[in-house]
Amino acid sequence: MQLTRGRVLFLAVVAAVWFGWQHLSPGAYETVILHIPPTARSQDTYVKLWVVDEGRSTWIRAESPGRLWLGYLRDQPEVELRRSDRTDRYRAIVQDDPDTRAHVDAIFRTKYGIVDQARALLREHTVPIRLVRP
């Protein structure tokens, strides 16, 4: 296979994103598992997500409003979040308004850096979800 300029550029971009993920974004190593208990229309649902803390608030987000698990979360807001070796219970509050979305996207961008910026190019708009301890 002959390497064209376009393929070389593509490989360089992929390498740069990988390097940024591994070395420039220390927060990118933290992912959590969200467990949404079953409802009448769903089974147990487990979702791997990024998370940020801001003061006393913990935030997760759906990468788009069309995520299937987001509907389950709206039906069953009492969830569990597995973070490191600890599992805590929360009430998930979807806060899908432009001001909250801009604020939460900014704190995700601060923590996850260039990788979050790259992912932003591929998504519609996020759906912020605040996790509150019962």
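Residues numbered from 1 in each chain as written. Predicted model: local features only at pLDDT ≥ 70, side-chain atom pairs only at ≥ 80, totals over all residues. Heavy atoms only, no water.

### Focus on the pattern of salt bridges
Put simply, the test is: Whenever a carboxyl oxygen of Asp or Glu lies within 4 Å of a side-chain nitrogen of Lys or Arg, that contact is scored as a salt bridge. Secondary structure elements are defined from DSSP: runs of H or I of at least 4 residues count as helices, runs of E of at least 2 residues count as strands, and each element is numbered from the N terminus. Type-normalised accessible area, obtained with a 1.4 Å probe on protein chains alone, sets the label of each residue: buried when under 20%, exposed when over 50%, and partly exposed for intermediate values.
Within this structure, the stated rule accounts for twelve salt bridges. The partner of Arg 83 in a salt bridge is Glu 30, with the nearest N and O atoms 2.6 Å apart. Residue Arg 83 is found in strand S5 (residues 78–83), and its partner Glu 30 is found in the loop between helix H1 (5–24) and strand S1 (32–36); the two are separated by 53 residues along the sequence. Here Lys 111 and Glu 30 are joined by a salt bridge, their closest N and O atoms 2.4 Å apart. With Lys 111 in helix H3 (residues 98–120) and Glu 30 in the loop between H1 and S1, the pair connects residues that are 81 residues apart, well separated along the chain. Under the relative-accessibility criterion, Glu 30 is labelled partly exposed at 22%. Beyond isolated ion pairs, a larger network of salt bridges with shared partners links Glu 30, Asp 53, Arg 83 and Lys 111.

### Some thoughts on the sheet that holds strand S2 (residues 45–49)
Paired through their backbone hydrogen bonds, the strands of a sheet run either parallel or antiparallel. Where we set the bar: Between any two strands, at least two bridges found by DSSP are needed for them to pair. With axes taken as lines fitted to C-alpha atoms, and helix axes fitted only over the stretch in contact, angles between N-to-C directions fall between 0 and 180 degrees. For this analysis, residues touch if any pair of their heavy atoms sits within 4.5 Å.
Strand order in the open sheet formed by seven strands is S2-S1-S5-S6-S7-S4-S3, and the pairing between neighbours is antiparallel. Looking at which strands have only one partner, the edges of the open sheet turn out to be S2 and strand S3 (52–54). Neighbour to neighbour, the strand axes of the sheet diverge by 35° on average, direction disregarded. Across three bridges, S1 lies against S5 in antiparallel orientation. Its bridge partner lying in S5, Ile 33 is registered against Arg 82. Here H3 sits on the sheet in contact with S3, strand S4 (57–62), S5 and strand S7 (127–132), set at roughly 80° to S4.

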